[in-house]
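What follows is the residue order along each chain.
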Amino acid sequence: MKFSTAFLLLATTTTITGFTLPAATTHRHTTKLSVSQSSKTSNKDLAKDFDETSPEDVTPSSSGAQVGQAEVVLVGCGAPNRGMGWYHAVQMLEGRCPSASLDYIIEPWFLGPGSTGPGGPEFAEWADSSTSKYGTKFITSVADLPAPEQPRVALISGRTADNPRLFKECIDAKCSTVILEKPGAPTVAELQLMKDQAEEAGVGVLMGYNKNVCKYVRKTREFAETIPGSHVTFVSNNAYENTPESLGECFERNAEGMLKNMAIHELALLVSFYDVSVENIESVEADKEFSSMQTLPGPSGKEFTDFDKIKFTIKTKTGKEVSVAADRCGGTDSYATVTDTDGEEVFRYWMPDDEDKIAVEKLQAKYPTAMPYFFTQDPDYVTVKERVAKHTVTGEEAEGVATIGVAVETLRVAEYLTPLLMEQLK
């Protein structure tokens, strides 16, 4: 498939409240095999492709995208240090994605009704600084954009519920390749409609599932292939406080549910690499000892039922078996394990690993009040944006980036699993 020279990146904004910024810690990597012995750094490390590019190495242009760069439009930035869109902006403004030039930021809330509310003054200060230093233009509507001068990228950082509308607006704005952030849309039907709209408009669609390009995922898969009959478990953690107030706020803000939100990245891995589809699932079994489901009131007073932690194993009709564990209150790190045929763990790789923790500590020092998960996934955010930006300009394949076909099936799997797992935990 040939893609033309613009794309759209949708990034769902997630704000975690009640977290404790983690201190630097040293994690074990394995019980039997040392990661330092098995996985030396190489130029092929997916998440390290652009590690040598830092703000100190790059002098960002203040005159907009140059030849060889994509012109990026960020739609929905969010508050400094809180919004995922803001962190995407920081990475591009600092020159860490060489093929991307962030030329426009569209922020209707903080440039409008929210300008005098919480976060408003801080946003205004950051916007003034960004305009002065980088020439970035801040506007309130996609409709106010001028015609692109270079291949254009729209990176939309909004709520999942708003994605279908924002997606259609950006198609109408002549973007021709789309990256959707997790899960893409609230329902399978809406995401399938978006896929159909893109195909009708001749728009290629890619996904922002950053764990598909993570080093720890690749290292784990590579090692598992060397152990006949091995079993892989992907573990995802968030850093919410384990209180009814914190989890209730989480349940309401992420009302689509854990499997469509926090654990959707892991489901995308299963769809991408383990032949998991609704039709190919033979069985799913919840780990009742690990898992927990609660009904809690959110800030509005309305009650929401969701998993605060869940672990399950899927067996496919084609003979594959893989597990996923997700814990809202488990911390900030993700990891994966490999067990042998006796069920004994023989490999474990963390995100971030010891090498990446050095970069995490530097980012924590630079942005001490920012969300901690920004830093643990920092290189993977860079990788996805740079690969798609480069694809936009050159047509080069965005290696490892998931397609909307993977996204549709991932969302189908999430909708299929949720009631089955809830029933098992009653």
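Up top is the structure these notes are about.
Keep in mind that this is a model prediction, so the values were computed, not measured. (Residues numbered from 1 in each chain as written. Predicted model: local features only at pLDDT ≥ 70, side-chain atom pairs only at ≥ 80, totals over all residues. Heavy atoms only, no water.)

1. A closer look at the packing of aromatic side chains
Geometry of an aromatic ring pair is reported as the spacing of the ring centres plus the angle between the planes.
Turning to step 1, where the next piece is worked out: Applying the stated criterion across every chain yields a total of 14 aromatic pairs.
Turning to step 2, where the next piece is worked out: Judged by centre distance (4.4 Å) and plane angle (40°), the rings of Y335 and W350 are tilted. With Y335 in strand β13 (residues 334–339) and W350 in strand β14 (residues 345–351), this pair connects stretches of sequence that are 15 residues apart.
Turning to step 3, where the next piece is worked out: You can call Y335 buried: its relative accessible area is 15%. (Phe/Tyr/Trp six-rings, centres within 6.5 Å; stacked < 30°, edge-to-face > 60°. Helix = DSSP H or I, 4+ residues; strand = E, 2+ residues; numbered from the N terminus. Buried < 20%, exposed > 50% of the residue type's maximum accessible area, 1.4 Å probe, protein only.)

2. Observations concerning the nonpolar core
One recurring pattern in soluble globular proteins is that nonpolar side chains are buried together.
Turning to step 1, where the next piece is worked out: Formed by 61 residues in total, the largest nonpolar core has its most connected members in L259, F312 and L417.
Turning to step 2, where the next piece is worked out: Residue contacts for F312: discarding those within four places in its chain leaves L259, L267, V284, E285, A286, D287, V322, S323, V324, L417 and L421.
Turning to step 3, where the next piece is worked out: Counting 35 residues, the second-largest nonpolar core is a separate cluster that includes M84, W86, L102 and F123. (Core = buried A, V, L, I, M, F, W, Y, C linked by side-chain atoms within 4.5 Å. Contact = heavy atoms within 4.5 Å.)

3. Re the packing of helix α5 (residues 188–201) against helix α12 (residues 404–425)
Turning to step 1, where the next piece is worked out: Where α5 contacts α12, the two axes come as close as 9 Å, and the packing angle between them is 170°. As judged from the angle between their axes, α5 and α12 are roughly antiparallel. Between α5 and α12, the residues in contact are V188, L191, Q192 and K195 and I404, G405, A407, V408, L411, R412 and E415, respectively.
Turning to step 2, where the next piece is worked out: Along the lines of polarity and charge, the residues of the contact of α5 with α12 split into six nonpolar, two polar and three charged. (Axes fitted to C-alpha atoms, helices over the stretch in contact; angles between N-to-C directions. Parallel < 35°, antiparallel > 145°, perpendicular 65-115°, else oblique. Nonpolar A, V, L, I, M, F, W, Y, C, P; charged D, E, K, R; others polar.)

4. Some details on the packing of helix α2 (residues 84–93) against helix α11 (residues 378–394)
Turning to step 1, where the next piece is worked out: α11 packs onto α2 with a crossing angle of 70° between their chain directions and a minimal axis gap of 11 Å. One finds that α2 runs roughly perpendicular with respect to α11. For the pair α2 and α11, contact is made by M84, Y87, H88, Q91 and M92 and by D378, Y381, V382 and K385, respectively.
Turning to step 2, where the next piece is worked out: Residues that form the contact of α2 with α11 fall into these classes: five nonpolar, two polar and two charged.

5. Topic: the pattern of salt bridges
Turning to step 1, where the next piece is worked out: What the rule picks out here adds up to 20 salt bridges.
Turning to step 2, where the next piece is worked out: The partner of D172 in a salt bridge is K168, with the nearest N and O atoms 3.0 Å apart. Residue D172 and its partner K168 are both found in helix α4 (residues 163–172); the two are separated by four residues, about one turn of the helix.
Turning to step 3, where the next piece is worked out: As a salt-bridge pair, R412 and E409 come within 2.8 Å of each other at their nearest N and O atoms. Of this pair, R412 and E409 both sit in helix α12, three residues apart, roughly one helical turn. (Salt bridge = Lys/Arg side-chain N within 4 Å of Asp/Glu carboxyl O.)

6. Description of the pairing of strand β5 (residues 152–156)
Turning to step 1, where the next piece is worked out: In terms of residue burial, β5 counts as a mostly covered element, since five of its five residues are buried.
Turning to step 2, where the next piece is worked out: Here β5 shows no split at all, with R152, A154 and I156 on one side and V153 and L155 on the other all buried.
Turning to step 3, where the next piece is worked out: With five bridges joining them, strand β2 (residues 70–75) and β5 adopt parallel strand pairing. From the neighbouring strand, E71 faces β5, where its bridge partner is R152. (Pairing = 2+ DSSP bridges.)

7. Comments concerning the pairing of β13
Turning to step 1, where the next piece is worked out: Where burial is concerned, most of β13 is hidden: six out of the six residues are buried.
Turning to step 2, where the next piece is worked out: Pairing of strand β8 (residues 231–237) with β13 involves five bridges; the strand directions are antiparallel. Each bridged residue has a counterpart across the sheet, and for F234 the counterpart in β13 is A336.
Turning to step 3, where the next piece is worked out: Taken together, the six bridges between β13 and β14 define a ladder with antiparallel strand orientation. Looking at the pairing, S334 lines up with M351 of β14.
Turning to step 4, where the next piece is worked out: Between β13 and β14, which pair antiparallel in sequence order, lie five residues; one of them, G343, sits at a positive phi of approximately 80°.

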